[in-house]
Amino acid sequence: MVKQNSQAEFVKCVIVGDPGVGKTCLICAWATGVKYCLNELVKTHVATVWAIDHYRTDREILERSWIDVDGACVSLRLWDTFGYHDKDRRFAYGRADVVILCFSVVKPLSLINVKKVWLPEIRKYCPTTPIVLVGTQADMRYLYNTEVYRNLEKGLLYRPIEEKDIISPQEGRDIAAEIGVAYYEASILTEFGIEDVFLNTVRAALSDRRKMKFWDSQLRKLKPPMIQPPMELPQPTYPKVTLPSIAIYNDLCYLLRDEIEGDVVFVAKRQCIYAHKICLMVTSSVFKALFLTDLKSPTLEQPAQEVVSEDKVSDDSDKDRLIDSDGVLPESPLSDHLNVVANEQKEFETKTFVPSHPAFHSVEIKPPKHPFQSNQCTVQLNPDITPQAFHYILEYLYTGVAKEQFDIFDQVIVAAELLQLPELVLSIRNFLSQEAYLNLELRRRFHIAQCSNLRELALKREIATDVTFQVDDGMVRAHKPLLMAHCEMMYAMFSDNFRESSAKVISFPGICKDTFKALQEYLYTGESPCMSGVDCMSLIEVANRLCLPRLVAFTEGHVVQELGRQEDANVNIMEDVLSILETAQLHNAVQLAKWCLHYLCVHFLDIFPQYVKLYKTLSLENQLYIDKHRWPPEWYVKEMELFQSLMNSPSKKQQHQKQQQFSRWERCTSSCLCFSRRHSHSSMADPLELPNS
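The rules behind these values
Residues numbered from 1 in each chain as written. Predicted model: local features only at pLDDT ≥ 70, side-chain atom pairs only at ≥ 80, totals over all residues. Heavy atoms only, no water. Core = buried A, V, L, I, M, F, W, Y, C linked by side-chain atoms within 4.5 Å. Buried < 20%, exposed > 50% of the residue type's maximum accessible area, 1.4 Å probe, protein only. Helix = DSSP H or I, 4+ residues; strand = E, 2+ residues; numbered from the N terminus. Arc of directions from axis to C-beta. Contact = heavy atoms within 4.5 Å. Pairing = 2+ DSSP bridges. Axes fitted to C-alpha atoms, helices over the stretch in contact; angles between N-to-C directions. 1 Å grid on protein atoms, 1.4 Å probe; cavity = no way out; pocket = protein on both sides within 12 Å on 5 of 7 lines; lining within 4 Å. Points joined across faces, edges and corners; volume = space filled by probe spheres on them. Domains from an automatic or database assignment. Nonpolar A, V, L, I, M, F, W, Y, C, P; charged D, E, K, R; others polar. Expected span 1.5 Å × (residues − 1).

Draft legend 1. Broad picture of the nonpolar core. Residues F266 and F469 are the most contacted members of the largest nonpolar core, which totals 115 residues. Counting residues in hydrophobic clusters, the runner-up holds 75 residues, among them I27, V106, C126 and I161.

Draft legend 2. How the structure looks around helix 22 (residues 488–495). When helix 22 is considered as a whole, its buried residues turn out to be M490, M493 and F494. Buried residues of helix 22, viewed axially, fall in a sector of 85°; they line one side. Taken together, the buried residues of helix 22 touch strand 12 (467–471), helix 21 (480–486) and strand 14 (505–507).

Draft legend 3. Inspection of the sheet that holds strand 12 at higher detail. Here three strands make up an open sheet; going across it, the order is 13-12-14 and the pairing mixed. Since the sheet does not close on itself, it has two edges, and those belong to strand 13 (474–478) and strand 14, each with one partner. If you compare each strand with its neighbour and ignore which way they point, the axes differ by 30° on average. Across five bridges, the pairing between strand 12 and strand 13 is antiparallel. Directly across from V471, in strand 13, lies its bridge partner G474. The strands touched by helix 22 are strand 12 and strand 14; relative to strand 12, the strand with the most contacts, the crossing angle is about 115°.

Draft legend 4. Up close: the layout of surface pockets. There is about 1400 Å³ of room inside the largest pocket. Y142, N145, T146, P236 and H629 are, among the 38 residues lining the largest pocket, the residues nearest its centre. Where the lining of the largest pocket is concerned, the elements lending two or more residues are helix 7 (140–143), helix 8 (147–150), helix 27 (590–602), helix 30 (620–628) and helix 31 (634–648). In terms of residues, the lining of the largest pocket owes the most to one element, helix 27, which gives five residues. Counting only domains with at least three residues in the lining of the largest pocket, you end up with domain 1 (9–221) and domain 3 (466–630). The computed volume of the second largest pocket comes to approximately 1100 Å³. Lining the second largest pocket are 37 residues; nearest its centre among them are G20, L41, K43, H45 and K107. Residue composition of the lining of the second largest pocket, by class: 20 nonpolar, 10 polar and seven charged.

Draft legend 5. Geometry of helix 17 (residues 387–399). When the terminal C-alpha atoms of helix 17 are compared, their 18 Å separation across 13 residues agrees well with the 18 Å that a helix rising 1.5 Å per residue should span. Burial of helix 17 is extensive: 10 of the 13 residues sit out of reach of the surface. Within the sequence span of helix 17, burial applies to P387, A389, F390, Y392, I393, L394, Y396, L397, Y398 and T399. Just downstream of helix 17 lies G400, where phi reads positive at about 80°.

Draft legend 6. Representation of empty space enclosed by the protein. Within the structure shown, the criterion is met by six cavities of 30 Å³ or more. Of the pockets and cavities examined, the largest cavity occupies roughly 280 Å³. In terms of lining, the largest cavity is formed by 21 residues, of which the most central are R173, Q228, P229, P230 and E639. Elements with a contribution of two residues or more to the lining of the largest cavity: helix 9 (169–179), strand 6 (182–185), helix 31 and helix 32 (650–660). Examining the composition of the lining of the largest cavity, we find that six residues originate from one element, helix 31, more than from any other. Tallied by class, residues from the lining of the largest cavity come to 14 nonpolar, three polar and four charged.

By themselves, these are just geometric observations and shouldn't be taken as functional.
As structure tokens, then:
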């Protein structure tokens, strides 16, 4: 608290301006120290007035009114007013020492009304009173275009802020110079300029009073209104890459229900149930041990290089043909080779063996009916395993989710114990004990183990593959069921009457092995693939081609992370960003393109002159966007240059301050009794007494 003395000065400050420009918030921020959040400031405007009675009833507010300005002890009393033009404010202007005239920097009409409405009114009721012009809501110059602000609930009467609504500091200064007043800006949200506004308002009032009390020693030390430094603009935050939600593990159920591309048949009490070896091997150690002991057909052991020659000798016209209704390709040069393969398969007879596990009675392996099909594996189940229970178990192994089907829980427990699935038994017991919430952790651990086994068995060891892709630098084996389950394009390719649906080798140009393996890992696990050695832009192109927005987002996140890491290590990434931008836009990597645009906007000044040629290769639309959203904005750069020039030149600084000072004598008339009025006002005895209107 400022120590009061016998020479204390009292300043009555009246705040006027249009409705909704922030007059009351400005007063409360200074008089009570209240802080505002953005949610409070964007709500629909409700007319309020801060009562002057607070100085009489609230001791804390009264104590906060005392301030020290250049060695002078001053009590600043603030008078709030309604902003409606038809209100009578004569009572507020009475004996005012200074007037703060507010307008919003995002409401052009409020600035127009400064000259049209408020200035004539002020000069009518207090023609010789100093005026300070204040531009409020200065933070909205950069906030209005941010995602955080746009997403806030603003009420039904909110009118969006457009770029044309923004009033620059220079426009505010020009109006202030035209009417001969000081100019300052303030932000209630960031608390910028609040102290500058009120301290310099006091200086304006006391500088005027010093002309009447020239003998007062403490007023002699008073400085003229100071130059306000520009508001510090926070650097815009980089956009974050978000992932679209997807329930990837439920997709396998479609293959199970529709019996698509099944390579194993289970027989439970004379009912045939189709399934997929790889899906069972990665979730059950029992099925893994069973299928790893399968006898394999010689045709499946052929090296990939020999299979490649099949397509090389085929006629080009076959690439555009569909298979016929019997599922056999038309006559072509490949027919002779197919006959050789068929003869080899005839030599492979049906084989049967009895596994040692009690859940299985026998396993029968038959040669395929078609040269490009896999061996047909039939597994006879233990009679204690019912079809309903085995269907339930298969769904669990495909999805990791145990469903509430209390009517068959007894059968499922018997089958699960035979198949050594303790987690499933535990999940069912949790249902029976009404503790189903415990299954969430079991499901999480199931998926972790499933993804780990997929990487080991399906990707690394390439077990139970049934298709080969020919890429630019080699061959990659894969699994149709896993590809179809998580990619609609693959599903259509393998399930409809396309040539690829029966081909063992599928040409996939424009992609290398590392990139295809990353695509495989995503399709198999639904997780972000290992990006080591992967051409990320090529992966984005393939993911966009296959309509995989989640993989695009994963890759975008990796690219952004790598660029950010290099930037943190002080590596110049400008050239990389300029080259990535339009490639990302071409392949619908929207979030990566947005990040690149943001980087170029923030580092706009670094583009010139080193990268100007590369910058000019961008589309005109991108160049206009970068120039429009550059940071810091052009007006802010000019503000900083003006401020620095004033501070570095004492003569310019003094001249600018002199222009901001109020001249009483220019406005006084011959009948003005300023001297006697001011003298009587400054000699008030009671520090709590307010002048009557």
